[in-house]
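Each chain, letter by letter, is given below.
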Amino acid sequence: MSCEGGEVPVTDEAIEKIKLMIVQGELAPGARLPREADLAERLGLSRNSLREAVRALSLIRVLDVRQGDGTYVTSLEPELLLDAVGFVVDFHQDDTVLQFLEVRRILEPAATELAATRMTDDDVAGLRAILDELDDAPSVEALVANDLRFHNHIAASSGNKVLSSLIDSLSAPTTRARIWRGLTQEGAVQRTREQHEAICEAIEARQPDVARAWAAVHVAGVEQWLRNALGESTSASGPPGRAAAAARNGRPRRARRSA
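Residues numbered from 1 in each chain as written. Predicted model: local features only at pLDDT ≥ 70, side-chain atom pairs only at ≥ 80, totals over all residues. Heavy atoms only, no water.

A word on the packing of aromatic side chains
One pass over the structure, following the stated rule, counts zero aromatic pairs. Sitting above the plane of the Tyr72 ring, Arg66 keeps its charged end 3.9 Å from the centroid. (Phe/Tyr/Trp six-rings, centres within 6.5 Å; stacked < 30°, edge-to-face > 60°. Lys NZ or Arg CZ within 6 Å of the ring centre and 35° of its normal.)

Here we look at the pattern of salt bridges
Considering all chains together, one arrives at 18 salt bridges under this definition. Across the pair Lys17 and Glu13 runs a salt bridge whose closest N-O atoms are separated by 3.1 Å. Within this pair, Lys17 and its partner Glu13 are both found in helix H1 (residues 10-23), separated by four residues, close to a single helical turn. A cluster of three or more residues bridged by salt bridges with shared partners is formed by Glu102, Arg105, Glu223 and Arg227. (Salt bridge = Lys/Arg side-chain N within 4 Å of Asp/Glu carboxyl O. Helix = DSSP H or I, 4+ residues; strand = E, 2+ residues; numbered from the N terminus.)

A word on unusual backbone geometry
Of note, Arg61 is a non-glycine position whose phi angle comes to about 65°, a positive value. One can find Arg61 in the loop between helix H3 (47-59) and strand S1 (63-66). Looking at Arg61, the relative accessible area reads 34%, which means it is partly exposed. Phi angles above zero are rare outside glycine, and Leu76 is one such case at about 60°. (Buried < 20%, exposed > 50% of the residue type's maximum accessible area, 1.4 Å probe, protein only.)

Here we look at H3
Helix length check: H3 (13 residues) gives 18 Å between terminal C-alpha atoms against 18 Å at 1.5 Å per residue, within 8%. As for H3, its buried residues are in contact with H1, helix H2 (36-43), S1 and strand S2 (70-73). Downstream of H3 by a residue or two, Arg61 has a phi angle that is positive, lying close to 65°. (Expected span 1.5 Å × (residues − 1). Contact = heavy atoms within 4.5 Å.)

Looking at the side chain of Ser169
Along the polypeptide, Ser169 turns up in helix H9 (residues 161-184). Of the residues examined, Ser169 reaches a relative accessible area of 8% and is grouped as buried. Within the structure, Ser169 has its side chain in polar contact with the backbone oxygen of Ser165 (distance 2.9 Å). (Polar contact = N/O pair within 3.5 Å; in protein donor to acceptor, adjacent residues only side chain to side chain.)

Here's the deal with the nonpolar core
Core analysis: the largest hydrophobic core is formed by 18 residues, its most contacted members being Ile18, Ile22, Leu50 and Leu63. Counting residues per element, the ones that place at least two in this core are H1, H2 and H3. If one sorts the elements of this core by residue count, H1 sits on top with five residues. The contact partners of Leu50, leaving out residues within four places of it in the chain, are Ile18, Glu36, Leu39, Ala40 and Leu45. (Core = buried A, V, L, I, M, F, W, Y, C linked by side-chain atoms within 4.5 Å.)

Remarks on the pairing of S1
Working note: regular strand, side chains alternate between the two faces of the sheet. Pairing of S1 with S2 involves four bridges; the strand directions are antiparallel. Considered in S2, the bridge of Arg66 is made with Gly70. (Pairing = 2+ DSSP bridges.)

Focus on the environment of Glu79
By the secondary structure assignment, Glu79 is in helix H4 (residues 78-81). What makes Glu79 partly exposed here is its relative accessible area of 42%.

As for the side chain of Ser165
Its location among the elements puts Ser165 in helix H9. For Ser165, a relative accessible area of 7% corresponds to the buried category. Not counting residues up to four positions away in its chain, the partners in contact with Ser165 are Pro78, Glu79 and Leu82.

With respect to the packing of helix H6 (residues 97-118) against helix H8 (residues 140-156)
Relative orientation of the contacting elements H6 and H8 amounts to 60°, with a least axis distance of 8 Å. When the interaxial angle is binned, H6 and H8 end up oblique. The chirality of how H6 crosses H8 is left-handed. Contacts between H6 and H8 involve Arg104, Glu108, Ala111, Thr112 and Ala115 from the first element and His151, Ile154 and Ala155 from the second. Partitioning the contact of H6 with H8 into residue classes produces four nonpolar, two polar and two charged. (Axes fitted to C-alpha atoms, helices over the stretch in contact; angles between N-to-C directions. Parallel < 35°, antiparallel > 145°, perpendicular 65-115°, else oblique. Left-handed = near helix turned anticlockwise from the far one by under 90°. Nonpolar A, V, L, I, M, F, W, Y, C, P; charged D, E, K, R; others polar.)

Topic: H8
One full turn of an α-helix is made of 3.6 residues, so residues set three or four places apart face in the same direction. Helix length check: H8, at 17 residues, gives a terminal C-alpha distance of 24 Å against a target of 24 Å (1.5 Å per residue), a fit within 8%. Looking only at H8, the buried set comprises Val140, Leu143, Val144, Asn146, Asp147, Phe150, His151, Ile154 and Ala155.

What about the confidence of the model for the chain?
Detail in the predicted coordinates should be disregarded across regions flagged by low pLDDT. Taken over all residues, the pLDDT of the chain has a mean of 81, while the share at 70 or more is 81%. Between the elements of the chain, mean pLDDT differs from a low of 38, seen in helix H12 (residues 242-248), to a high of 95, seen in helix H7 (residues 121-132). Here residues 232-259 scores under 50 on pLDDT; set against residues more than four positions off or in separate chains, the count is 45 contacts. (pLDDT = per-residue confidence, 0-100.)

Structure representation (structure tokens):
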């Protein structure tokens, strides 16, 4: 619904009022909302605007609409709420994958550093087991899947649910970049395995600074390859190179080897 003269749209007003009830503790995580008619009257809203607000809040996992049972506040856990970030991220354009990689280069080393100090021995053994699952000559798809599990395990072991959820949400758009890298760059598969091994060894040795450094190198390698492929290594404002056009059409182009 559009608004004129600076008026707040009715649905937005309804969302804000429900949000206020949750923030002020009137509706706790897991609580059931009052009957629709009662809540609409209490908030001074039409039932239609209330339904639209509930629908919007359910899409971002704040509310859970259970048919035949009622509407409840979700657990409001970070991994649930930040799932909406992943939904939005799915609409990225190919060129913006680079920006997601830049964010990962900031977040993943921090998570790896925390994990090196907080992982239990069982967590470390689980990380080692993930590495050991790969065959000697894995396909690119298998390597990417293993890479996701490896980094998600580290993020989950950082002890910070918000950080872990953010990293998980940002992983999907970079999957294609990692596949392109594996298909077009000689030595990428072996280099990825070696870097994973170095990260794991640093965590096992409880060397957070070393673990952080290797994680930064690992993500930066993919980022630099993509930056070269998009033709941004020499001019951030210049037109994308042929690699970018090929990427948009799903046709990887052989790129220069990155350091």
